[in-house]
Amino acid sequence: MSSRPSLLLPLVLSLALLAACDSSEERAEAHFQSGIELFEAGDVDRALVELRNVLSLDARHMEARKLFADIIRDRGKWGEAYRNYTTLVEMYPSETELRIVLADMAVRMGRWDDAVYHGNRVITDAPDDPRVQVISAALDFRSAISRRDTAARRDAAGRTETLLASLDDPSLAREIVIDNLIRDKSYVDALVHVRAAIDDGVVTEEKFRTKLSLLGEIGDEAGFGAGLEQAVAAFPQQRDFADDLIGWYTDQGALDKAEAFLRDQAAVGGDTAEANQMRLIVFLREMRGEDAALEQLDRFVADGVNPALFGSIAAEIRFDAGDTAGAIMAMEALLDGAVRGRQTRDNKVSLARMLAAEGKVIEARQYVDEVLAQDVGHVEGLKIRAAWLIQDDRADDAIAALRAALDQAPLDAQAMTLMAEAHTRNGNRGLAGEMLSLAFEASGSKPEEALNYARFLAADGKDRTAEAIVRNALQVTPGDARLLSFLGQAYVARQDWMRAARIEGELRAQPTSEARDAAQALEVMRLNARQLSAEAIGFLEELTDRDGTNGAELAVVRAHFAARDYAAAERFIDAALSQDPDRPVMRYLKASLMAATGRSGPAREIYRALLEEDPTDDIVWRALYATELRDGTPETAAEVLEAALQALPDDKNLLWAKAGVLQDEGDIDGAIAVYETLYAANPASPVLANNLASLLSTYRDSPEDLERAFTVAKRLRGVSVPAFQDTYGWIAYRRGLIEEALAHLEPAAAALPDDPLVIFRLGMAYVADARDADALALFERALTLAGPDDPRAPFQTARNEVARIQSFMTGSDAN
């Protein structure tokens, strides 16, 4: 049977496709009608679902896409709405209504290329439509601004203003009018239109901010406050408005209103409850005092409102106030049976800080280890561990910990400051400076970070940059006494007397004792710097008469001493003692004066009498020791030092003196042991680091001791202090880093030309650099300075090197 092509199959397929097409359009229309009904019933979310179904079945359904775009635009999704209007215009380019909407949106969104393209089309197609006239005016307004054509700008705005009454939606027209009035500084008229826009339903954060800005410009304080209250009511979740309102209440002295507002906010539940409660606590602490904050915290805890958080804050406040034992007990009670979680980890770190401050470092470290075992990225735990690592001279490990912390909290200024300290310990001052700069920026120019960075810059001789940093910080925290004091001292140092006096005035105008003391100190510094000692003394004596403070009296005596007018100093002291013969401070000053003027015997008697009354007065012990050391006998001085250490075994100044005695006696191991004790108590001290590293590298030879010396001394690298250069340079020499050694030892020897040990060390570096002739001259000079009988090992080495070099030179000459 022959094969013939079937006509039935194409026909069936054709009918099926037609049926499918009809079915698709019918289903799209059904979804559209359902969407309309849902939209009119107020069920907008379900209406959007139906409209999306329409567009998935029929992308060219104009009514569905238009309604969909209208809805999402009203919901603030302007980007998605704009894309849908663009699609509609591309599909239906002759639909002027759609193009008007698109041109209007382009103007509002600042998409000026699109605005010009679609705007010109609708200006041609519908020139009499008020909406189109607004679009035309908007394009002219922007063009005039770009050309700085004031007359054209005002003309475009004037045309727009005449259209306001004829528009169903005058919001775009009002924006042009408002913008023009603000540019003309017609703030009152602009405010009228902003209020009209809000009354018309344009209730946006931006509109309220414009209103508040205008109220501020015209100085309407009452209106500004009312505007803030309206903004908070309109946008209760917007924290900026709430913070501004609290600040305004505070500035107006309406603390009760501020507190009532914060209490109302704190009582509201939801996601913001904890943040609002915290803001109440911060306000109470800053404005009402610690007791008010503690009372509220205790109330939260009693009411079961996040007791783990608020109980820990209360404990921290009590710890800072001096109730250390009670605070630690409270924190331990909070942790007893606490469930594992973020707040528990935070509380463990807080307890660790308390324990560490009380000297219970082992327990503190255990808590931090527990926290980091559970959460390796716990920022506060990493920071406290890094601080300990820095103290332990494990700077590299500290840097690793801080990098992990900054990965979690990139703008943590405290972590950056610790990182700077770790880099300083490693001798990387460049990196340290970068981190301090970042910390300053991340903190928002807060005083602490500003001073850290400014002091670092000043130490590197960048005084003007340091001053600029402090001035920037003062813009953020005006009147801060610490910042003003730094700036005032900088002005005195460069003899800018007018600015220094202005800073004094700013400090003196403040009510705090801190500011007053800073102003007094700055004035004395300024007067002395100008060699107006008599005027400075007169000023200090006036302070003494007015305030009767020990600080002012001490300053008077110091000023007399600086002027070498010992008779005047004694008259001042005697006058004070005639009023109160038992005052310890004035008796001490009397003894100091006697010791300075060759009357050591009576001075000793006064010192010893003072020590019988108070054997823990370290200043008097040091004064008696210095007097015995200068005018007595070494044996008596040693007895005084031992007695002082029995009374004050941990006093760092007495221990420092003990280390010096041991070193002079040749007991290097004993001196090193004392310096190790001092260094463990204050590992941030570069002077202690220098002394310990110097002894270790000079008098010990084991690889372990040399490595310890290098670890301690790394922070001295690149620091232009001669003693530090000498120590680090010598350690670099011993580690075989000759180029780095010379870079430090040469400037040290130039600055300390009479120190035989420094000269010897540079000589040894020259030997290592194959510069025997230069080394010989240095060795000979070092031996001359030390004397022929100095038994110390470095000078015996110098003698051997002199003999070796001279022998070599003699042999070379003979050849």
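Residues numbered from 1 in each chain as written. Predicted model: local features only at pLDDT ≥ 70, side-chain atom pairs only at ≥ 80, totals over all residues. Heavy atoms only, no water.

Colleague: Got a minute to help me understand the overall build of the protein in this structure?
Modeller: Within the protein one finds 45 helices and 0 strands. On C-alpha atoms alone, the protein measures out to a radius of gyration of 40 Å, which is more than a quarter above the 28 Å that the 2.2 N^0.38 rule sets for 815 residues. Dimensions of the protein along its principal axes, counting C-alpha atoms only, are 125 × 95 × 65 Å. Per element, the accessible surface of the protein, about 41,700 Å² overall, is 51% carbon and sulfur. (Helix = DSSP H or I, 4+ residues; strand = E, 2+ residues; numbered from the N terminus. Rg over C-alpha atoms; globule rule 2.2 N^0.38 Å. Areas by Shrake-Rupley, 256 points an atom, 1.4 Å probe, with all protein chains shown as cover.)

Colleague: Explain the pattern of salt bridges here, please?
Modeller: For the structure shown, the criterion picks out 66 salt bridges. Of the charged contacts in the structure, one is a salt bridge between Lys66 and Asp70, with a shortest N-O distance of 2.8 Å. Residue Lys66 and its partner Asp70 are both found in helix H3 (residues 62–74); the two are separated by 4 residues, about one turn of the helix. Asp70 gets classed as buried once you look at its relative accessible area, which sits at 17%. Taken together, the shared-partner salt bridges in this structure form one network comprising Asp393, Arg425, Glu676, Arg708 and Arg715. (Salt bridge = Lys/Arg side-chain N within 4 Å of Asp/Glu carboxyl O. Buried < 20%, exposed > 50% of the residue type's maximum accessible area, 1.4 Å probe, protein only.)

Colleague: I keep staring at helix H18 (residues 324–335) and nothing clicks. Help me out?
Modeller: It helps to recall that an α-helix has 3.6 residues per turn; residues three or four apart then point in one direction. With 12 residues, H18 ought to run about 16 Å at 1.5 Å a step, and its terminal C-alpha atoms sit 17 Å apart, in line with that. Every buried residue belonging to H18 is among Ala327, Ile328, Met331 and Leu335, and all of these are buried. One side of H18 holds all its buried residues, which, seen down the axis, span an arc of 100°. Facing away from the buried side of H18 by over 90 degrees, the exposed positions are Ala325, Met329 and Ala333. For H18, the N-terminal cap is Asp323; the gap from its side-chain oxygen to the backbone nitrogen of Gly326 is 3.1 Å. With its phi angle positive at about 80°, Gly337 sits one or two positions after the end of H18. (Expected span 1.5 Å × (residues − 1). Arc of directions from axis to C-beta. Polar contact = N/O pair within 3.5 Å; in protein donor to acceptor, adjacent residues only side chain to side chain.)

Colleague: Would you take a moment to explain the environment of Asn426 for this structure?
Modeller: Relative to the helices and strands, Asn426 resides in the loop between helix H23 (413–425) and helix H24 (429–442). Residue classification places Asn426 among the buried positions, given a relative accessible area of 6%. Sequence separation of Asn426 and Arg340 is 86 residues, and the distance between their C-alpha atoms is 37 Å. Within the local environment of Asn426, its side chain forms a polar contact with the side chain of Lys714, the two groups lying 2.6 Å apart.

Colleague: Where do I start with the confidence of the model for the protein in this structure?
Modeller: The predicted model of the protein has a mean per-residue pLDDT of 87, with 92% of residues at 70 or higher. Counting interchain partners and residues more than four positions distant, the pLDDT-below-50 stretch residues 1–21 has 0 contacts. (pLDDT = per-residue confidence, 0-100. Contact = heavy atoms within 4.5 Å.)

Colleague: Got a minute to help me understand the environment of Asp701 in this structure?
Modeller: As for its placement among the helices and strands, Asp701 is situated in the loop between helix H39 (686–699) and helix H40 (703–713). Among the residues examined, Asp701 registers a relative accessible area of 63% and is labelled exposed. Between the C-alpha atoms of Asp701 and Arg734, which are 33 residues apart in sequence, the distance is 9.5 Å. Of the polar contacts made by the side chain of Asp701, one reaches the side chain of Arg734; its length is 3.3 Å.

Colleague: Would you take a moment to explain the packing of helix H11 (residues 205–218) against helix H12 (residues 221–234) for this structure?
Modeller: With their axes 9 Å apart at the nearest point, H11 and H12 run at an angle of 170° to one another. What the angle tells us is that H11 and H12 run roughly antiparallel. Counting all contacts with H11, which are made through Phe208, Lys211, Leu212, Leu215 and Gly216, the residues of H12 involved are Gly223, Phe224, Gly227, Leu228, Gln230, Ala231 and Ala234. Looking at the contact of H11 with H12 residue by residue, the class counts come to 7 nonpolar, 4 polar and 1 charged. (Axes fitted to C-alpha atoms, helices over the stretch in contact; angles between N-to-C directions. Parallel < 35°, antiparallel > 145°, perpendicular 65-115°, else oblique. Nonpolar A, V, L, I, M, F, W, Y, C, P; charged D, E, K, R; others polar.)

Colleague: Looking at this structure, I do not really get unusual backbone geometry. What am I missing?
Modeller: For residues other than glycine, phi is negative in most cases, and the peptide bonds are mostly trans. Its identity as a non-glycine residue notwithstanding, Lys185 has a phi of 60°, on the positive side. Here Lys185 is to be found in the loop between helix H9 (171–183) and helix H10 (187–199). At Ala770, a position not held by glycine, the phi torsion is positive, near 60°.

Colleague: Where do I start with the environment of Val107 in this structure?
Modeller: Position of Val107 among the secondary structure elements: in helix H5 (residues 96–109). The exposure class assigned to Val107 is buried, which follows from its relative accessible area of 7%. Taking C-alpha positions, Val107 is 7.9 Å from Leu139, a pair spaced 32 residues apart along the chain. Setting aside anything within four residues of it in sequence, one finds Val107 in contact with Trp112, Ala115, Ile135, Ala138 and Leu172.

Colleague: What's the story with the nonpolar core in this structure? I'm lost.
Modeller: In globular proteins that are soluble, nonpolar side chains generally tend to be buried together. In terms of nonpolar packing, the biggest core is built from 74 residues, with Tyr607, Phe760 and Phe779 touching the most fellow members. A per-element tally of this core places helix H43 (residues 756–768) first, with 8 residues. Formed by 64 residues, the second largest nonpolar core is a distinct cluster that contains Met354, Val379, Ala405 and Ala454. (Core = buried A, V, L, I, M, F, W, Y, C linked by side-chain atoms within 4.5 Å.)

Colleague: What's the story with the packing of helix H4 (residues 78–91) against H5 in this structure? I'm lost.
Modeller: When two helices pack together, their arrangement is given by the angle between the helix axes and the distance between those axes. Orientation of H4 relative to H5, taken along the N-to-C sense of each, is 145°, at an axis distance of 9 Å. When the axes of H4 and H5 are compared, the crossing they make is left-handed. Residue-level inspection shows Trp78, Gly79, Ala81, Tyr82, Tyr85, Thr86, Leu88 and Val89 of H4 in contact with H5, the latter providing Leu98, Arg99, Val101, Leu102, Met105, Ala106, Arg108 and Met109. (Left-handed = near helix turned anticlockwise from the far one by under 90°.)

Colleague: Could you clarify how one ought to interpret the side chain of Glu801 in this entry?
Modeller: Mapped onto the elements, Glu801 comes out in helix H45 (residues 793–814). For Glu801, the residues in contact, after removing those within four places along its chain, are Met764, Val767 and Phe779.

Colleague: Just checking my understanding: could you explain the packing of aromatic side chains for this structure?
Modeller: Here the distance between the centres and the angle between the planes together describe a pair of aromatic rings. Within the structure shown, the criterion is met by 12 aromatic pairs. Between Trp248 and Tyr249 the ring centres are 5.8 Å apart and the planes differ by 55°, which places this aromatic pair in the tilted class. For the pair formed by Trp248 and Tyr249, the shared burial category is buried. Centre to centre, the rings of Phe760 and Phe779 are 6.0 Å apart; their planes meet at 45°, and the pair counts as tilted. Of this pair, Phe760 sits in helix H43 while Phe779 sits in helix H44 (residues 772–786), and the two are 19 residues apart along the sequence. (Phe/Tyr/Trp six-rings, centres within 6.5 Å; stacked < 30°, edge-to-face > 60°.)

Colleague: Sorry if this is basic, but what is going on with helix H15 (residues 273–288) here?
Modeller: With 16 residues, H15 extends 21 Å between its outermost C-alpha atoms, agreeing within 8% with the 22 Å of an ideal straight helix rising 1.5 Å per residue. Tucked inside the fold, the buried residues of H15 contact helix H13 (239–251), helix H14 (255–267), helix H16 (290–302) and helix H17 (307–320). Just past H15, the residue Gly289 takes up positive phi, approximately 105°.

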